[in-house]
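Observations on the three-dimensional arrangement
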Amino acid sequence: MNIQNPISETRSSILGVTGLSRPVLAELFRRRGLFGRDSQLGHAEQAVVQSRLPAIDGIARLPVTVLQTPRLKALAAYVEALVAGGDAGAERSRLQREGLPSAAILEAAVTVDNVRTVFGPIVTGRAARPASADERTVPQYARAA
């Protein structure tokens, strides 16, 4: 979770918010997955977000068959832009037009930020291609500190 204070414009990561270390947070994600039971993203949306991130050792991939709706395609483009580290403003606007609630859009962004913070830099070579069900996933992250 990345929190920005509007008064001081300081940012706090999941490390500062929780006070937990990277190894502890990595283990929590491995046990519970990237999304909590109160997630604002539906199962298909969670799968799309996760499919745009390289595999994380110990976290089962959610299956994504086909991006069947304009909303899922917009979500994929948004997450890809976030992973690439560029300006995702246009993709965010498109996603809003497709009707994804603001809380769900924020959760997608926070998930990308949390993965980057806990597991290290995201290698973008595979991020744009979802893993197939038959594909063995190889971790693409630096080990948690």
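One can find the structure itself at the top, above this paragraph.
My aim in this report is to walk through the structure given alongside it, one point at a time. Owing to the predicted nature of the structure, the values given are computational and were not obtained by experimental measurement.

1. Concerning the overall build of the protein chain
Helix and strand content of the protein chain: six helices and two strands. Of the regular secondary structure in the protein chain, the N- to C-terminal order runs β-β-α-α-α-α-α-α. At a minimum sequence separation of 6, the contacts of the protein chain that also span at least 24 residues come to 59%. As presented, the protein chain carries roughly 8,300 Å² of accessible surface, and 52% of it is formed by carbon and sulfur atoms.

2. Points about helix H4 (residues 70–84)
Between its terminal C-alpha atoms H4 stretches 21 Å, which fits the 21 Å expected from 15 residues at 1.5 Å a residue. Those residues of H4 not exposed but buried are Leu-72, Ala-74, Leu-75, Ala-76, Ala-77, Tyr-78, Val-79, Ala-81, Leu-82 and Val-83. Those residues of H4 hidden inside the fold are in contact with helix H3 (43–51), helix H5 (89–97) and helix H6 (102–119). Gly-85 occupies a position one or two residues after H4 and carries a positive phi of about 85°.

3. Remarks on the nonpolar core
Among the nonpolar cores identified, the biggest contains 35 residues, and Leu-34, Leu-75 and Phe-119 are the most heavily contacted of them. Every element with two or more residues in this core is listed here: helix H2 (22–32), H3, H4 and H6. When residues of this core are assigned to their parent elements, the largest contribution, nine residues, is made by H4. Discounting residues that sit within four places of it in the chain, Leu-75 has contacts with Glu-45, Val-48, Val-49, Leu-95, Leu-100 and Ala-108.

4. Considerations on the packing of aromatic side chains
Applying the stated rule across the entire model yields one aromatic pair. Ring geometry for Phe-29 and Phe-119: centres 6.3 Å apart, planes at 40°, overall tilted. In this pair, Phe-29 is assigned in helix H2 and Phe-119 in helix H6, connecting sequence segments 90 residues apart. Across the pair, Phe-119 and Phe-29 agree in class, each one buried.

5. Focus: H6
Between its first and last C-alpha, H6 extends 26 Å over 18 residues, near the 26 Å set by a 1.5 Å rise per residue. With respect to burial, H6 is a largely interior element, 13 of its 18 residues being buried.

6. Concerning the pattern of salt bridges
Applying the stated criterion to the full structure yields three salt bridges. A salt bridge links Glu-27 to Arg-31, with the nearest nitrogen and oxygen atoms 3.3 Å apart. Placement of the pair is Glu-27 and Arg-31 together in helix H2, with a separation of four residues, close to one helical turn.

7. Considering the side chain of Gln-50
Mapping Gln-50 onto the fold places it in helix H3. Every residue in contact with Gln-50, bar those within four places of it in the chain, is listed here: Leu-34, Ile-59, Ala-60, Arg-61 and Leu-62.

What counts, and at which threshold
Residues numbered from 1 in each chain as written. Predicted model: local features only at pLDDT ≥ 70, side-chain atom pairs only at ≥ 80, totals over all residues. Heavy atoms only, no water. Helix = DSSP H or I, 4+ residues; strand = E, 2+ residues; numbered from the N terminus. Contact = heavy atoms within 4.5 Å. Areas by Shrake-Rupley, 256 points an atom, 1.4 Å probe, with all protein chains shown as cover. Expected span 1.5 Å × (residues − 1). Buried < 20%, exposed > 50% of the residue type's maximum accessible area, 1.4 Å probe, protein only. Core = buried A, V, L, I, M, F, W, Y, C linked by side-chain atoms within 4.5 Å. Phe/Tyr/Trp six-rings, centres within 6.5 Å; stacked < 30°, edge-to-face > 60°. Salt bridge = Lys/Arg side-chain N within 4 Å of Asp/Glu carboxyl O.

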